[in-house]
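Chain by chain, the residues:
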Amino acid sequence: KVLLRISVVLAVCLCLFFVDNVWNRNLFSNNALVVYFSSFGNTKAIAKDIQEKLGADILRLQTVVKYPKDKALFLAQMKAEISAQNYYPALINGRIDLSPYDVIVIGTPVWKGRAAPAVISFLKKNNFAGKRVYFFSTYSRNAGLAISEMKKACPNATCGSFLKVELTAPLNNDEASITIPGDIIKKWTTEIMAKQK
């Protein structure tokens, strides 16, 4: 009888734990959005990992004028954009309805120590008042000022913690080759979810 009672209590506790976790995940997943821009797939891979862990919606920013597929031409355009003063490329999906979301995670690749102009363009076109915004960046040498630039571009947001992901094996158009250091994404997304409870 004692073993039966213990088994019943354990079963009830497991059920409550499972229901609580599912309820919290569904509650969180209904109001979170991951927005990112990606050049060669690095930031895309990180954004997808974050999206899956949060159970969030996801949006990839797309510029009206496509970037060259040739790496040399792309790097030349990247340098030109970063060197230009106040250049913000037009986006196909630049202005969106953020009203369904309380939490917005925004990611950028780091270009010469700066945030990609497409990301800054998105931040400037939308109103983040009343939103909790988290930023992440992907880089291979220098994280630079990307996070600071993103924060400055949306002054009305309530900014949470940020994540800088150093890529130990940057992609060459092959997402399978990416190496994400440790479990930093899991820790960060757990922290984000804990803040919303």
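Since the model is a prediction, treat every value here as computed from it, not as a measurement.

## Regarding the overall build of the protein
Here is step 1 of the chain: In terms of regular secondary structure, the protein is built from six helices and six strands.
Here is step 2 of the chain: Going from N to C terminus, the protein has its helices and strands arranged as α-β-α-β-α-β-β-α-β-α-β-α.
Here is step 3 of the chain: When burial is assessed residue by residue, the protein has 42% of its 197 residues classed as buried.
Here is step 4 of the chain: Look at the contacts in the protein between residues 6 or more apart in sequence, and 79% of them connect residues 24 or more apart.
Here is step 5 of the chain: Surface accessibility of the protein: about 11100 Å² in total, with carbon and sulfur atoms responsible for 56%.

## Points about the side chain of asparagine 126
Here is step 1 of the chain: By secondary structure assignment, the location of asparagine 126 is in the loop between α4 (117-125) and β5 (132-139).
Here is step 2 of the chain: Among the polar contacts made by the side chain of asparagine 126, one reaches the main-chain amide nitrogen of isoleucine 96 at a distance of 3.1 Å.
Here is step 3 of the chain: When residues no more than four places from it in sequence are discounted, the contact partners of asparagine 126 are Gly94, Arg95, Ile96 and Leu98.

## Focus on the environment of leucine 54
Here is step 1 of the chain: Examined against the element boundaries, leucine 54 turns out to sit in helix α2 (residues 42-54).
Here is step 2 of the chain: With 22 residues separating them in the primary sequence, leucine 54 and alanine 32 have C-alpha atoms 7.5 Å apart.

## Side note on the nonpolar core
Here is step 1 of the chain: The biggest cluster of nonpolar side chains holds 34 residues, and the ones touching the most others in it are Ile106, Leu123, Phe128 and Met150.
Here is step 2 of the chain: Looking at which element gives the most residues to this core, the answer is α4, with five residues.
Here is step 3 of the chain: Not counting residues within four places of it along the chain, the set of residues in contact with phenylalanine 128 comprises Leu98, Ile104, Ile106, Phe122, Leu123, Val133, Cys154, Asn156 and Ala157.
Here is step 4 of the chain: In this structure, Ala32, Val105, Leu167 and Trp188 belong to the second largest nonpolar core, which totals 18 residues.

## Describing the pairing of strand β1 (residues 32-36)
Here is step 1 of the chain: With five of five residues buried, β1 lies mostly within the body of the structure.
Here is step 2 of the chain: The alternating pattern of β1 places Ala32, Val34 and Tyr36 on one face and Leu33 and Val35 on the opposite face, and all of these are buried.
Here is step 3 of the chain: In this structure, β1 lies alongside strand β3 (residues 103-111), joined through five bridges in parallel fashion. Its bridge partner being in β3, alanine 32 is matched across the sheet by valine 103.
Here is step 4 of the chain: Relative to strand β2 (residues 57-60), β1 runs parallel, the two sharing four bridges.

## Description of helix α5 (residues 146-153)
Within an α-helix, residues lying three or four positions from one another point in the same direction, as the helix has 3.6 residues per turn.
Here is step 1 of the chain: When we look at burial in α5, the residues that qualify are Ala146, Ile147, Glu149, Met150 and Ala153. Considered in projection along α5, the buried side chains sweep an arc of 160° and stay on one side of the axis.
Here is step 2 of the chain: Where α5 is buried, its residues touch β3, β4 (114-115), α4, β5 and β6 (158-166).

## As for unusual backbone geometry
Here is step 1 of the chain: One non-glycine residue with positive phi stands out, namely lysine 112, at about 50°.
Here is step 2 of the chain: Checked against the element boundaries, lysine 112 lands in the loop between β3 and β4.

Cut-offs and rules
- Residues numbered from 1 in each chain as written.
- Predicted model: local features only at pLDDT ≥ 70, side-chain atom pairs only at ≥ 80, totals over all residues.
- Heavy atoms only, no water.
- Helix = DSSP H or I, 4+ residues; strand = E, 2+ residues; numbered from the N terminus.
- Buried < 20%, exposed > 50% of the residue type's maximum accessible area, 1.4 Å probe, protein only.
- Contact = heavy atoms within 4.5 Å.
- Areas by Shrake-Rupley, 256 points an atom, 1.4 Å probe, with all protein chains shown as cover.
- Polar contact = N/O pair within 3.5 Å; in protein donor to acceptor, adjacent residues only side chain to side chain.
- Core = buried A, V, L, I, M, F, W, Y, C linked by side-chain atoms within 4.5 Å.
- Pairing = 2+ DSSP bridges.
- Arc of directions from axis to C-beta.

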